[in-house]
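Spelled out from the first residue to the last, the chains are:
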Amino acid sequence: MRMSWTEKDVPTQAGRVAVVTGANTGLGFETARVLAQKGAEVVLAVRDTGKGADAARRIAALAPGATVRVQRLDLGSLASVGEAAAELRSSTPRVDLLINNAGVMYPPKQTTTDGFELQFGTNHLGHFAWTAQVLDLLLAVPGSRVVTVASLAHRIRGAIHFDDLQWERSYDRVAAYGQSKLANLLFHYELQRRLAARAAERGTVAIAAHPGVADTELVRHLPRALQVAAPLISHDAHHGALSQLRAATDPGALGGQYYGPDGIGGSRGAPTVVTSSAQSYDLDLQRRLWAVSEELTGATFPV
């Protein structure tokens, strides 16, 4: 009996609307492709609409008849997040799947338009504000899900540096990435607790996922030697996307779960329910980060 979960296990998504951030390449593209091929209407929420349009054409060629739209979203600008949320709300009355996939990893020291350290500002704060402003499109939709894409890197020197969230005193790109991905999980668990407190049966749930070690464009800031070695310990974007696809579509998935590859060290393999670091389950950390994120972004949630 086949035990591993593949894209063939994704049930029909006909009649559903999925919004995928960072969907023009890598994990986001593969996620959008599969959902479109399974019948979903897919919104590609991307910073570069030219690349988004090219991705939409490629998906349409693979999924004839699918509805694929491009939505400009720059997670590094709170103004852009607000504009994108308003545009989505005006064009899309309901959302079944919100997949927060976009991210940046290990760049040189940079800041977002609003002055946040790029990784924390994009990976966490941008998605925090985005989710806050579009969540009500999901709340009335039975079985809707918010999927947060985290990383094994939340365990690699991951800590929330409340005394220097923006790395103004000194910058360590590895630790900064770890902070941003730990923040993703703290946000995920706090969001699920808030959703569960208000949800009726089959209400909106939050589910997280990580791709293991996936050979995508995210590795472009790694040292050259590590870029060369990456294929030896990684799997491709198609397989890396399976964890978030399972989180988004498996009928048996539950709110608060975290999916990742089942191989040694979680680097690759078939998607299954996994655990995250002890820090990520800390209720005080979750609540404190939520409060700070609201203050920094000005975003408030309907839950």
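Residues numbered from 1 in each chain as written. Predicted model: local features only at pLDDT ≥ 70, side-chain atom pairs only at ≥ 80, totals over all residues. Heavy atoms only, no water.

Undergrad: How do you make sense of the pattern of salt bridges when you look at a structure like this?
TA: Any two side chains of opposite charge can pair, on the condition that their charged atoms come close. Summed over the entire model, instances satisfying the criterion amount to 13 salt bridges. Across the pair Arg-33 and Glu-7 runs a salt bridge whose closest N-O atoms are separated by 3.0 Å. Here Arg-33 is found in helix H1 (residues 26-37), whereas its partner Glu-7 is found in the segment before strand S1 (17-21), with 26 residues between them in sequence. A single burial state applies to Arg-33 and to Glu-7, both of which are buried. Residue Asp-54 pairs with Arg-57 through a salt bridge whose shortest N-O separation is 3.9 Å. Taken together, the residues Asp-54 and Arg-57, both in helix H2 (residues 49-62) and three residues apart, mark about one turn of the helix. The partly exposed category is assigned to Asp-54, whose relative accessible area is 33%. Taken together, the shared-partner salt bridges in this structure form one network comprising Glu-7, Glu-30 and Arg-33. (Salt bridge = Lys/Arg side-chain N within 4 Å of Asp/Glu carboxyl O. Helix = DSSP H or I, 4+ residues; strand = E, 2+ residues; numbered from the N terminus. Buried < 20%, exposed > 50% of the residue type's maximum accessible area, 1.4 Å probe, protein only.)

Undergrad: Help me understand the packing of aromatic side chains, please; the structure alone is not making it clear to me.
TA: The description of an aromatic ring pair rests on the distance of the ring centres and on the angle between the ring planes. Within this structure, the stated rule accounts for eight aromatic pairs. Ring centres 4.9 Å apart and planes at 65 degrees place the aromatic pair Phe-128 and Phe-301 in the edge-to-face group. Of this pair, Phe-128 sits in helix H4 (residues 118-134) while Phe-301 sits in the segment after helix H10 (283-297), and the two are 173 residues apart along the sequence. Judged by its relative accessible area of 1%, Phe-128 falls in the buried class. Judged by relative accessible area, which is 11%, Phe-301 ranks as buried. Between Tyr-189 and Tyr-281, the aromatic rings sit 4.9 Å apart at their centres with planes inclined by 35 degrees, giving tilted as the arrangement. Taken together, the positions of Tyr-189 in helix H6 (residues 173-198) and Tyr-281 in the loop between strand S10 (271-273) and H10 put the pair 92 residues apart, joining distant regions of the chain. Overall, the relative accessible area of 39% leaves Tyr-281 in the partly exposed class. (Phe/Tyr/Trp six-rings, centres within 6.5 Å; stacked < 30°, edge-to-face > 60°.)

Undergrad: Can you walk me through the sheet that holds strand S5 (residues 145-149) in this structure?
TA: To summarise the sheet geometry, strands pair through backbone hydrogen bonds and adopt either a parallel or an antiparallel arrangement. Spatially, S3-S2-S1-S4-S5-S6-S9-S10 is the arrangement adopted by the eight strands of the open sheet, whose pairing is mixed. The open sheet is flanked by strand S3 (68-72) and S10, the only strands paired with a single partner. Taking the axes of each pair of neighbouring strands and ignoring which way they run, one obtains an average angle of 20 degrees across the sheet. Bridge count for strand S6 (residues 205-209) against strand S9 (residues 258-261) is two bridges, and the pairing is parallel. Note that in S9 the partner of Ala-209 across the bridge is Tyr-259. Seen against the sheet, H2 touches strand S2 (41-46) and S3 and runs at an angle of roughly 170 degrees to S3. (Pairing = 2+ DSSP bridges. Axes fitted to C-alpha atoms, helices over the stretch in contact; angles between N-to-C directions. Contact = heavy atoms within 4.5 Å.)

Undergrad: Just to check I follow, could you spell out the environment of Glu-117 for this structure?
TA: In this structure, Glu-117 sits in the loop between strand S4 (97-100) and H4. On the basis of relative accessible area, Glu-117 is assigned to the buried category, the value being 0%. Residues contacting Glu-117, with those up to four places away along its chain left out, are Lys-109, Gln-110, Thr-111, Thr-112, Leu-165, Gln-166, Trp-167, Tyr-171 and Ala-176.

Undergrad: For this particular structure, what's the right way to read the nonpolar core?
TA: In summary, soluble globular proteins display a tendency toward joint burial of nonpolar side chains. Counting 43 residues, the largest nonpolar core has Val-19, Trp-130, Leu-135, Ile-160, Leu-191 and Phe-301 as the members making the most contacts within it. Elements with a minimum of two residues in this core: S2, helix H3 (78-91), H4, helix H5 (136-139), H6 and H10. Examining the composition of this core, we find that seven residues originate from one element, H4, more than from any other. Beyond its immediate stretch of four places on either side in the chain, Leu-191 contacts Thr-131, Leu-135, Val-146, Ala-206, Trp-290, Phe-301 and Val-303. In this structure, Leu-27, Phe-29, Ala-56 and Ala-63 belong to the second largest nonpolar core, which totals 34 residues. (Core = buried A, V, L, I, M, F, W, Y, C linked by side-chain atoms within 4.5 Å.)

Undergrad: Could you clarify how one ought to interpret unusual backbone geometry in this entry?
TA: With glycine set apart, most residues show a phi of negative sign, and most peptide bonds adopt trans. Of note, the phi angle at Arg-157 is positive, near 55 degrees, even though the residue is not glycine. Position of Arg-157 relative to the elements: it lies in the loop between S5 and H6. The phi dihedral of Trp-167 is positive, around 55 degrees, even though this residue is not glycine. Take Trp-167: it is sitting in the loop between S5 and H6.

Undergrad: Even after reading the chapter, I still don't get the pairing of S2, so can you show me in this structure?
TA: With five of its six residues buried, S2 lies for the most part within the structure. Bridge count between S1 and S2: five bridges; the pairing is parallel. Within S2, the position partnered with Val-17 by the bridge is Glu-41. Between S1 and its parallel partner S2, the chain crosses via H1, and the hand of that crossover is right-handed. The pairing of S2 with S3 spans five bridges and is parallel. Residue Val-42 lies in a different strand from S3, and its bridge partner there is Val-68. Running through H2, the crossover from S2 to the neighbouring parallel element S3 is right-handed. (Right-handed = clockwise from strand over helix to strand, strands pointing away.)

It is worth stressing that arrangement in space is one thing and function is another; only the former is reported here.
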